[in-house]
Number of protein chains: 2
Amino acid sequence: MPRKARLNERAIAEAALAVLDAEGIEALTMRHLAEKLSTSAMALYNHFPDKDAVLEAVAQLLLAEIEAPPPGIGWQETARRIMRSARTVTLRHPHAAPLIARFPPRTPDALAFVEAGFRSFRAAGFDPHSTARAYRALVAYSLGTLEVELGAYFAAHPAAQAPAGSLDQPSVGRLLPTVDEVGPELAASDPQAEFEFGLNVLITGLEALLPHR
Amino acid sequence: MPRKARLNERAIAEAALAVLDAEGIEALTMRHLAEKLSTSAMALYNHFPDKDAVLEAVAQLLLAEIEAPPPGIGWQETARRIMRSARTVTLRHPHAAPLIARFPPRTPDALAFVEAGFRSFRAAGFDPHSTARAYRALVAYSLGTLEVELGAYFAAHPAAQAPAGSLDQPSVGRLLPTVDEVGPELAASDPQAEFEFGLNVLITGLEALLPHR
DNA sequence: AGTATAAACGTACGGCGTAAAGAATAACGA
DNA sequence: TCGTTATTCTTTACGCCGTACGTTTATACT
């Protein structure tokens, strides 16, 4: 009955990811995406209910790129590898990365790393509740790190400006001396090292959740 | 020389925050915001170069709401109070909260809590680099928790769907058993308790950075 | 071959951010 | 006091967005 579809969800999502990588999120419009696929904007609506669904599909594509570590390497190393892989994927697709924070894994491929992580935690003695708790904390930390990093959040940190009028500059240094002192350090540090540091702190803390033997 | 302005940045930013709180981010358009201020959309452009600047101003408003703890309570308690206050503020303005992640504190009022935090860390013996590192990790964790929480990221977690065709449901349970087992726990937990848990883990880990005596 | 049906297309609508140009207003120098 | 001038505000309009709606096209089955 159906005409053989020239388009399909997969191809559209992949094209959307390509547009994102090459031109950024603001270039990802339905018309532009359709153009890249040599079709019309409305044709996309045969495969997705709306634009958000396209973005969701892109997120699943990204999540599927996260590697599921092999079993038998311990829960700490499993957690480390998953979070590192997630970070690698998001830095590979910086414009698409925010989507990972907006859509949880849903497809089997996208859930592969979750399954591997959960399994490793359960095998190590974490009960389901603690497993969820640990996963939550690790995800929150990783997403936050990503958000901060991609947003160039700490970049430059030009210190405060005078309230409104034309007060002299030095007043800033007098009001916020410690911001002035520490601020430059925020932009200077090595992101990967910072990430690993926080990751290790969390893993260490999580060990306390295990029934000690 | 200048006509006495009916509008000013502060009033506009406050009106924008009110719109955000009442109607959400998609309702915050220049036209709608102007309507609330009984003026025209273009009048706003005398006070802000573009819409993003309005959002930035709202972010500064939110950041200024974060309470700076008093000195003398120790760096751990200082960190805890700042992060708790930040969380309280963002949960009070859920629609506006993502802005906090997009714009770093810039105005003196918005930097007050940063100054208090930095000062406390420095007084406790953290050098500027370690202070920046600790701040980074705490902010990343808090922003990530927020992102996950506001996005209802873990809500429902309906497990995976069959690839495409009409495969039977039970196959999902067979492919991702641990996701099925742990998944429900993700939505069920107490967000505040989860937040405090991760916060304490981080603070404990940060103690290792101090020159032990 | 005929027909049902899903896919693709074209057009159109309301709304967005904001550029541009003119009108209105308040503070200042004379 | 009265232009002069710097600023705020208003009006109009442009190009773009997502997508509702109706039509055309191309397949697969009878």
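Fair warning: this is a prediction, and the values are worked out from it, not measured in the lab.

Analysis parameters
Residues numbered from 1 in each chain as written. Chains lettered and ligands numbered in written order. Predicted model: local features only at pLDDT ≥ 70, side-chain atom pairs only at ≥ 80, totals over all residues. Heavy atoms only, no water. Core = buried A, V, L, I, M, F, W, Y, C linked by side-chain atoms within 4.5 Å. Buried < 20%, exposed > 50% of the residue type's maximum accessible area, 1.4 Å probe, protein only. Contact = heavy atoms within 4.5 Å. UniProt positions renumbered as here; feature names shortened; annotations may be inferred. Helix = DSSP H or I, 4+ residues; strand = E, 2+ residues; numbered from the N terminus. Polar contact = N/O pair within 3.5 Å; in protein donor to acceptor, adjacent residues only side chain to side chain. Nonpolar A, V, L, I, M, F, W, Y, C, P; charged D, E, K, R; others polar. Salt bridge = Lys/Arg side-chain N within 4 Å of Asp/Glu carboxyl O. Least-squares fit on C-alpha atoms with pLDDT ≥ 70 in both.

In this structure, Leu33(A) and Leu33(B) are the most contacted members of the largest nonpolar core, which totals 139 residues. Apart from the residues within four sequence positions on either side, Leu33(A) is in contact with Ile12(A), Ala15(A), Ala16(A), Val19(A), Leu28(A), Leu44(A) and Val54(A).

This part takes up the UniProt feature "DNA-binding region" (unreviewed entry) in chain A. The UniProt record marks residues 29-48 of chain A with the feature "DNA-binding region" (unreviewed entry), using the residue numbering of this structure. Here residues 29-48 of chain A runs as 35% helix and 0% strand, with 14 Å between its end C-alpha atoms.

Now for the interface of chain B and chain A. Counting residues at the interface gives 56 residues for chain B, matched by 56 residues for chain A. Taken together, the connections running from chain B to chain A amount to 10 residue pairs in polar contact (both at pLDDT 80 or more). Breaking the side of chain B that touches chain A down by element, the ones donating at least two residues are helix 5 (97-102), helix 6 (108-123), helix 7 (128-150), helix 9 (177-188) and helix 10 (191-207) of chain B. Element by element, the count of residues in the side of chain B that touches chain A is highest for helix 7 of chain B, at 16 residues. Class assignment of the residues belonging to the side of chain B that touches chain A gives a composition of 34 nonpolar, 11 polar and 11 charged.

Glancing now at the pattern of salt bridges. Opposite charge on two side chains allows them to pair when their charged atoms are near. Evaluated as defined, the whole model comprises 24 salt bridges over all chains. The salt bridge involving Arg80(A) is made with Glu77(A); its shortest N-O contact spans 3.5 Å. On the criterion of helical spacing, the pair formed by Arg80(A) and Glu77(A) is a turn pair, its members being three residues apart in helix 4 (residues 75-92). A relative accessible area of 19% places Arg80(A) in the buried class. Taking the relative accessible area as the measure of exposure, Glu77(A) reaches 25% and is therefore partly exposed. Between Arg122(A) and Glu181(B) there is a salt bridge, and its shortest N-O distance comes to 2.8 Å. Within this pair, whereas Arg122(A) is found in helix 6 (residues 108-123), its partner Glu181(B) is found in helix 9, the two belonging to separate chains. In this structure Glu181(B) comes out as partly exposed when scored by relative accessible area, which is 36%.

What follows covers the relation of the copies chain B and chain A. With an axial shift of 0.0 Å and an RMSD of 0.0 Å, the rotation relating chain B to chain A amounts to 180°. A rotation of that kind, with that shift, is consistent with a two-fold axis. Taken together, the interface assignments show that 100% of the residues at the interface of chain B recur at the interface of chain A, consistent with an identical surface on both copies.

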